[in-house]
Amino acid sequence: MTEIPEEQQAAALRAVKDAGARRAALLAQAEEILTTEIKPAAVKAARLGAGRSRIRQLAQVGPSVLYRWFEEAGIPVLRDNRSARRKTAR
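Below or above, wherever it landed, is the structure these notes cover. (Residues numbered from 1 in each chain as written. Predicted model: local features only at pLDDT ≥ 70, side-chain atom pairs only at ≥ 80, totals over all residues. Heavy atoms only, no water.)

## With respect to the overall build of the protein
Counting secondary structure elements, the protein contains four helices and zero strands. In the protein, which comprises 90 residues, the share counted as buried stands at 13%. Taking the intrachain contacts of the protein between residues at least 6 apart in sequence as the baseline, contacts between residues at least 24 apart amount to 49%. Approximately 7500 Å² of the protein is accessible, and the part contributed by carbon and sulfur atoms is 55%. (Helix = DSSP H or I, 4+ residues; strand = E, 2+ residues; numbered from the N terminus. Buried < 20%, exposed > 50% of the residue type's maximum accessible area, 1.4 Å probe, protein only. Contact = heavy atoms within 4.5 Å. Areas by Shrake-Rupley, 256 points an atom, 1.4 Å probe, with all protein chains shown as cover.)

## Considering the nonpolar core
Counting 12 residues, the largest nonpolar core consists of Ala42, Val43, Ala46, Ile55, Ala59, Val61, Leu66, Tyr67, Trp69, Phe70, Ile75 and Val77. Looking at which element gives the most residues to this core, the answer is helix α3 (residues 63–72), with four residues. (Core = buried A, V, L, I, M, F, W, Y, C linked by side-chain atoms within 4.5 Å.)

Taken by themselves, the reported measurements are silent on function.
The following block contains the structure:
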C-alpha cells in the first residue's frame, strides 16, 4: 500500500516538529548553563586577574557578551577602539 502525498507531508512535518522541539530544549539548557555557570565563573576569573582573551576563549562567547557581563558586574571595561586610534595616527 502506498502513502498518499498528504501522509508523506504529515510525516515530514512531524519529523520537523520533533527535531525543532529537541533543538529548543537544548538551546534552553545551553542558555541556563551560560547564565548560571559560565557567566559567574567568567566574572570571578576576571576579578582574580585572568586575561580577558583567555576567559572569552574558554567561555566560547563573543567580546560583546563578555564585556556586557563585566559591565553588569561593575568591572571596568576599557575597550581598544582601533578605528579611533587609526584616525588619530593619520
